[in-house]
Amino acid sequence: MHDPIPHLQLKRGEERRLRGGHLWVFSNEVDTEKTPLKPLQPGQAVILCDSRGKTIGSAYANPHSLICARLVSRDSRHLLNESLLVHRLKVALALRERLYPEPYYRLVYGESDGLPGLVIDRFDNLCVVQINTAGMEAVKDELVVALQRVVKPSHILIRADSSMRELEGLERYAEWIGGAGPETLNVNENGGRFVAPTTGGQKPAGISTTAPTAPPSPSTCARPGARRV
């Protein structure tokens, strides 16, 4: 039998940002008299509630961070687990496949893809995974399984070496999952061909995958009936 998920109750009025679309909860917004932060473990699943006890959604918490909780789902029944990870990865993949002609892109970009604390860059059959928060670190094994189910990469490189991890009380490390991958990558971006080191550089694989200067594609330009993002 599973232990009940602890609740994290906010002070009066502090739920407004969350109701408006924000995903972060700061430690000074929590009613710590009713729901103390200290007993929680870094990365532990919680149910967020407003000051009246009305549920806002599910989140993961870190009592040692200024951002003490990050909203994962506005349905409290959906916790951060393999099932939710698979669903969010499928949604992210479907969007990228619609926008990019080749599998070289940022597959997951944190909160914008409903996965706070996670960044995944895809280089064809290799995925570079940045885990930046205790909540994502807690589900690393489930994340790897979900990524293998959805994308089926030949190699997965965990780049958990961001300075952001120190704010979460986490150690830095880098590791290959399922055997070491190549030392360099052939990267196709915006019509160019690049060779980049897999583990060197400030960004994963040493190259930006967001292509901020890429010319707009006709498929992404505004037009009658186009989808809004």
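For the structure, see preceding data.
## So, the overall build of the chain
- Of the regular secondary structure elements, the chain holds 5 helices and 12 strands.
- For the chain, the share of sequence-separated contacts (at least 6 apart) that also reach a separation of at least 24 residues comes to 49%.
- Carbon together with sulfur atoms contributes 51% to the accessible area of the chain, which is approximately 12700 Å² in total.

## Quick look at the layout of surface pockets
- Roughly 220 Å³ of internal volume is contained in the second largest pocket.
- Along the wall of the second largest pocket there are 14 residues; nearest its centre are Ala45, Leu79, Leu80, Asn81 and Val139.
- Put simply, the parts of the chain that give the lining of the second largest pocket at least two residues each are strand 4 (55-61) and helix 3 (134-138).
- Broken down by element, the residue count for the lining of the second largest pocket peaks at 3 residues, all from strand 4.
- Residues belonging to the lining of the second largest pocket are distributed by class as follows: 9 nonpolar, 4 polar and 1 charged.

## Side note on the sheet that holds strand 9 (residues 155-160)
- Strand order in this open sheet of 5 strands is 6-7-8-9-10, and the pairing throughout is mixed. The sheet terminates laterally at strand 6 (104-109) and strand 10 (173-177), the two strands that pair on one side only. Between one strand axis and the next, the sheet turns by 15° as a mean value, whatever way the strands run.
- Pairing analysis gives 6 bridges linking strand 7 (residues 118-123) to strand 8 (residues 126-131), with the strands arranged antiparallel. Directly across from arginine 122, in strand 8, lies its bridge partner cysteine 127.
- Along the sheet face, helix 2 (residues 82-99) touches strand 6 and strand 7 and points at about 145° away from the line of strand 6.
- Seen against the sheet, helix 4 (residues 140-150) touches strand 6, strand 7, strand 8, strand 9 and strand 10 and runs at an angle of roughly 155° to strand 8.

## Thoughts on the nonpolar core
- Among the nonpolar cores identified, the biggest contains 29 residues, and Leu80, Leu107, Leu118, Ile120, Val129 and Leu147 are the most heavily contacted of them.
- If one sorts the elements of this core by residue count, helix 2 sits on top with 6 residues.
- In terms of nonpolar packing, the next biggest core, distinct from the first, is built from 16 residues, Ala59, Ala61, Ala69 and Leu71 among them.

## Examining the pattern of salt bridges
- Going through the model one piece at a time under the given rule, you end up with 13 salt bridges.
- A salt bridge links arginine 96 to aspartate 113; its shortest N-O distance comes to 2.8 Å. In this pair, arginine 96 sits in helix 2 while aspartate 113 sits in the loop between strand 6 and strand 7, placing the two residues 17 residues apart along the sequence. As far as the burial class goes, arginine 96 and aspartate 113 line up, both buried.
- Residue arginine 172 is joined to glutamate 166 by a salt bridge in which the shortest nitrogen-to-oxygen separation is 2.9 Å.
- Among the residues examined, glutamate 166 registers a relative accessible area of 52% and is labelled exposed.
- Connected through salt bridges with shared partners, the residues Arg19, Asp50 and Arg52 form a single ionic network.

So, how was this worked out
Residues numbered from 1 in each chain as written. Predicted model: local features only at pLDDT ≥ 70, side-chain atom pairs only at ≥ 80, totals over all residues. Heavy atoms only, no water. Helix = DSSP H or I, 4+ residues; strand = E, 2+ residues; numbered from the N terminus. Contact = heavy atoms within 4.5 Å. Areas by Shrake-Rupley, 256 points an atom, 1.4 Å probe, with all protein chains shown as cover. 1 Å grid on protein atoms, 1.4 Å probe; cavity = no way out; pocket = protein on both sides within 12 Å on 5 of 7 lines; lining within 4 Å. Points joined across faces, edges and corners; volume = space filled by probe spheres on them. Nonpolar A, V, L, I, M, F, W, Y, C, P; charged D, E, K, R; others polar. Pairing = 2+ DSSP bridges. Axes fitted to C-alpha atoms, helices over the stretch in contact; angles between N-to-C directions. Core = buried A, V, L, I, M, F, W, Y, C linked by side-chain atoms within 4.5 Å. Buried < 20%, exposed > 50% of the residue type's maximum accessible area, 1.4 Å probe, protein only. Salt bridge = Lys/Arg side-chain N within 4 Å of Asp/Glu carboxyl O.

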